[in-house]
Amino acid sequence: MKNFILGLAVLSTGLMKAQTQIIAHRGYFQAQPPTTENSLKSLENAQKLKIYGSEFDVRMTKDGILVINHDEHHGKMEISETSFKELEAQKLSNGEKFPTLKDYLKQGKKDASLKLIVEIKPAKTPELENELTQKTIKTIKDMKLESQTEFISFSLNICKEIKKIAPASKVQYLNGELSPEQIKKEGLDGMDYHYSVFQKNPTWIADAKTLGLITNSWTVNDVAVYDELKKQGIGFITTNIPDQLKNK
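Residue positions are counted from 1 within each chain, in the order its sequence is given. Residues qualify for local features only when their pLDDT is at least 70, as the model is predicted, and side-chain atom pairs are given and counted only at 80 or more; totals for whole chains, interfaces and linings, by contrast, use all residues. No hydrogens and no water enter the side-chain calculation; it runs on all heavy atoms of the structure.

## Here's the deal with the confidence of the model for the chain
This prediction gives the chain a mean pLDDT of 94; 93% of its residues lie at or above 70. For every residue, the predictor reports its confidence as pLDDT, a number between 0 and 100. Strands here are runs of E lasting at least two residues and helices are runs of H or I lasting at least four, both read from the DSSP assignment and numbered beginning at the N terminus. Within the chain, the element-level pLDDT minimum falls on helix H1 (residues 2-18), averaging 46, and the maximum on strand S7 (residues 149-153), averaging 99. Throughout, a residue-residue contact means that at least one pair of heavy atoms, one from each residue, lies within 4.5 Å. Within the model, the stretch residues 4-17 combines pLDDT values under 50 with 1 contact to residues more than four positions away or in other chains.

What follows is the structure, encoded as structure tokens:
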């Protein structure tokens, strides 16, 4: 009987580990009441959901300040060509101040159980990408958040720079054109691709798992697509509806 119970416990643990984990895309901003993507409130909302992680986007201002914003522009200002002082004069649509990476990480540190999925945005030159990457990793290390953070980027250069500076960090590539074998060859930890890429390449999730790679998909806001990817054994889903998918 004892062996039977132990066996059930091991099986249960295995199933839990195999479950598809949920990541909030730019925080949980489609909440009630709704808030703004990449805001501190959206991160706080994600923390309350008790999901795996919350994703956010890092850019660098003209004067080298790291800020959180998805688009190249904040209002009508191009972030990489504008000083932080000018950018912070315009608040987010929910009334919050324009967040720096430090602001965001301070909020993230309040809940160690939620992984912070750091998307470092491509810059205009490899030199600027390297500076942005180095500063991002230094800020995370200074705040002692290495174990709580994972990285993603559309820039292969940024992904490789992260592995060079912080080889223990988990790094996933976003762009979608590299096969699991190529991801492995580049020395990265996984692929985080738009769901249409996996639909066009139906063996890639299984291939990636065989190679020991992380599998993630964005931005899955359709329950049918989620179910399809989950059946294929995908490890993670990034979504705007984390509240709806977390218990499915």
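## What about helix H2 (residues 40-49)?
Within the sequence span of H2, burial applies to Ser42, Leu43, Asn45, Ala46, Gln47 and Leu49. Along its buried surface, H2 packs onto strand S1 (21-24), strand S2 (53-60), helix H4 (101-108), strand S6 (115-120) and helix H11 (242-245). The first or second residue beyond H2 is lysine 50, which carries a positive phi of 60 degrees. Throughout, exposure labels follow a simple rule: accessible area from a 1.4 Å probe, protein chains only, divided by the maximum for the residue type, with under 20% read as buried, over 50% as exposed, and the rest as partly exposed.

## As for the pairing of S6
The element S6 is largely enclosed, with a buried count of 5 among its 6 residues. Whether two strands pair depends on DSSP finding at least two bridges between them. Across 6 bridges, S2 lies against S6 in parallel orientation. Note on S6: the bridge partner recorded for aspartate 57 is glutamate 119. Here S6 pairs with S7 via 4 bridges, running parallel. Bridge pairing in S7 places isoleucine 117 opposite glutamate 150. Classification remark: right-handed applies to a crossover when, strands pointing away from the viewer, the course from the first strand over the helix to the second runs clockwise. For the segment spanning S6, helix H5 (residues 126-142) and S7, crossover handedness is right-handed.

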